[in-house]
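Coordinates in review
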Amino acid sequence: MEIELNIDPIAEWGLKTEHPVIIAGPCSVESEEQVLTTARLIAQNEMVSIFRAGIWKPRTRPNSFEGVGALGLKWLKKVKSETGLLLAVEVANAQHCETALKHGIDILWLGARTTVNPFSVQEIADTLKGSDIPVMVKNPVNPGLDLWIGALERLNQAGITKLIAIHRGFSSYSKTIYRNEPDWELPIELKRRIPELPVICDPSHIGGKRELIPALAQQAFDLEMNGIMVEVHYQPESALSDAQQQITPDELNYLIKKLILRNPEFKNGKNGNYLKDLRKKIDVVDKELIRLFSARKNYVEKIAEFKKEKGITILQLNRWDEIMKTRIDLGEKMNLKKEFVQAIYHHIHEDSIKLQTEILNV
Ligand code: PEP
Ligand code: MN
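No experiment lies behind these values; they were computed from the predicted model shown.

Let's talk about the packing of helix α1 (residues 32–43) against helix α2 (residues 71–83)
Two elements in contact, α1 and α2, have axes whose closest approach is 9 Å; the angle formed by their N-to-C orientations is 25°. One finds that α1 runs roughly parallel with respect to α2. Crossing hand, α1 versus α2: right-handed. Every residue of α2 that contacts α1 at E32, V35, L36, A39, R40 and A43 is listed here: W75, L76, K78, V79, E82 and T83.

Considerations on a nonpolar patch on the surface
On the surface, a nonpolar cluster with roughly 380 Å² of combined accessible area is contributed by V285, L289, I290 and F293. Inspection of the secondary structure assignment puts L289 in helix α11 (residues 269–310).

A look at the coordination of the manganese ion (ligand 2)
For the manganese ion (ligand 2), the protein coordination sphere consists of C27 (SG), H205 (NE2), E231 (OE) and D242 (OD), at 2.1 to 2.4 Å. C27 sits in the buried class, given a relative accessible area of 2%.

Points about helix α9 (residues 213–222)
Where α9 is concerned, the buried positions are I213, L216, A217, Q218, A220 and F221. In this structure, the buried residues of α9 make contact with β7 (199–201), α8 (203–207), β8 (227–231) and α10 (249–258).

As for the pairing of strand β3 (residues 86–90)
With 5 of its 5 residues buried, β3 lies for the most part within the structure. Inspection of the sheet shows strand β2 (residues 50–52) paired to β3 by 3 bridges, in the parallel sense. Residue R52 lies in a different strand from β3, and its bridge partner there is A88. What joins β2 to β3 is α2, and the crossover it makes is right-handed. Alignment of β3 against strand β4 (residues 107–110), held across 3 bridges, turns out to be parallel. From the neighbouring strand, V89 faces β4, where its bridge partner is L108. Handedness of the β3-helix α3 (residues 94–102)-β4 crossover: right-handed.

Some details on the pattern of salt bridges
Any two side chains of opposite charge can pair, given that their charged atoms come close. Here the structure, examined in full by the defined rule, presents 15 salt bridges. With a shortest N-O distance of 2.6 Å, K80 and D106 are connected by a salt bridge. With K80 in helix α2 and D106 in the loop between α3 and β4, the pair connects residues that are 26 residues apart, well separated along the chain. With a relative accessible area of 15%, D106 lands in the buried category. Linking D329 and K325 is a salt bridge whose minimum nitrogen-to-oxygen distance equals 2.9 Å. Of the two residues, D329 and K325 are both situated in helix α12 (residues 317–333); the distance of 4 residues between them amounts to about one turn of the helix. The structure contains a network of salt bridges with shared partners spanning D8, D132 and K162.

Remarks on the nonpolar core
F51, L76, L128, V135, L155, L190 and I228 are the most contacted members of the largest nonpolar core, which totals 69 residues. If near-sequence neighbours (up to four positions away) are discounted, L190 is found in contact with L145, W148, I149, L152, A165, L197 and V199. Listed in part, the 14 residues of the second largest apolar core include V21, A88, M136 and I164.

Focus: the sheet that holds strand β1 (residues 21–25)
Pairing is parallel around the closed barrel formed by 8 strands, whose spatial order is β1-β2-β3-β4-β5-β6-β7-β8. Pairs of neighbouring strands in the sheet enclose a mean axial angle of 25°, with direction left out of account.

The rules behind each value
Counting restarts for each chain: residues are numbered from 1 in the order of the written sequence. All chains are assigned letters beginning at A, and all ligands numbers beginning at 1, according to the order in which they are written. Totals for whole chains, interfaces and linings use all residues, but because this is a predicted model, local features are given only for residues with pLDDT of at least 70 and pairs of side-chain atoms are given and counted only at 80 or more. Computation of side-chain values covers all heavy atoms of the structure but excludes hydrogens and water. Every axis in this analysis is a line fitted to C-alpha atoms, fitted for helices over the stretch in contact. Angles between the N-to-C directions lie between 0 and 180 degrees. Secondary structure elements are defined from DSSP: runs of H or I of at least 4 residues count as helices, runs of E of at least 2 residues count as strands, and each element is numbered from the N terminus. In these notes the angle categories are as follows: under 35 degrees is roughly parallel, over 145 is roughly antiparallel, 65 to 115 is roughly perpendicular, and the rest is oblique. The crossing is said to be left-handed when, going from far helix to near helix, the turn is anticlockwise and less than a right angle, and right-handed when the turn is clockwise. Residues are treated as being in contact if the distance between any of their heavy atoms lies within 4.5 Å. The patches described consist of residues with a relative accessible area above 30% and no salt bridge, like charges being joined within 9 Å and nonpolar side chains (Val, Leu, Ile, Met, Phe, Trp, Tyr) within 5 Å. Per-residue and other accessible areas were derived by the Shrake-Rupley procedure at a 1.4 Å probe size, with only the shown protein chains allowed to occlude residues. Here a salt bridge means any side-chain nitrogen of Lys or Arg lying within 4 Å of a carboxyl oxygen belonging to Asp or Glu. Note that water is not among the atoms considered, so a metal site may appear incomplete; the donors listed are N, O and S atoms within 2.8 Å of the metal, with 3.2 Å applied to Na, K and Ca. Between buried and exposed lies partly exposed: a residue is buried under 20% and exposed over 50% of the maximum accessible area for its type, with that area taken using a 1.4 Å probe on protein chains only. The rule for pairing is simple: two strands pair if DSSP sees at least two bridges between them. The definition of a right-handed crossover adopted here requires that, viewed with the strands pointing away, the path from the first strand over the helix to the second runs clockwise. Throughout this description, the term nonpolar core refers to a set of buried Ala, Val, Leu, Ile, Met, Phe, Trp, Tyr and Cys residues connected via side-chain atoms within 4.5 Å.

Shown next, in the form of structure tokens:
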């Protein structure tokens, strides 16, 4: 289903946010000295247009640092008047919104733990009705698009037209190198469904470790995202929250310098034709893939009819093990990663079991 939102393009926000949008700043406001020192250093890089800082911190476990609260907004005001950077803070309820608006905050964002809760999102949307403040919506903690889109819709229906989605990764039970799984297909699908919606990436919360951030940021730009939000602290090791994933202003400069901003499209010339030709070839291969999936399905149907007639069980573990093993071996010989072939056959097998169950039960 295509989703229609009424969204102003970033270029018309009047926020001096040149493309790409680079947002940087500490996970949390900790002290006047910490935000001002960090902001002064960040502001030296003219690619950065927005300063982020958490005032009220949603912490997973109690007794952690929960932010300095409204006091920090006064320090942020100084950041803005000294550096000219626009200010962005996280809000999670009506009172946060009112306080932030009163203190002249330029941009608000909803955190991952807020996007999951329609009551909180609605409360925020109701509070912001009538203001045209830009709002960024982080993806919900769980891997899925519905709550993310739902939050954007609630804000949009309250009249907020300056919206950005932030991809900050998704919680997963299986432990990988990431703090939050990137699941890139989800922000890509979001962009497909709402093409006019700017999407930016938060590599800090995806990575959870500073050394993972540059590659994640590059990947975001390679996937045509509109910008990044990076956690930056002048002394990351001593940060009161998310110490492992914050980088120094110098490291941010290096990251930005190394970013390769590829053209989304070669419009004409030799390169354009080359890309077109390759895409045509991919179209042919994809058509063939679909035809083969359909042919495989026909055989599965025949097997199911046979099993039904003879009273044989659907799942035959030996056969399944053999399929997995031989296909993975073959894939490896043809330069395909084990995990890739495994994931594809997982889906194929799941579908085959479903189909056979349907046939057996008619
Ligand atoms: C944050 O940006 O500091 C934060 C709390 O992020 P998230 O909502 O993505 O966990
Ligand atoms: Mn953080």
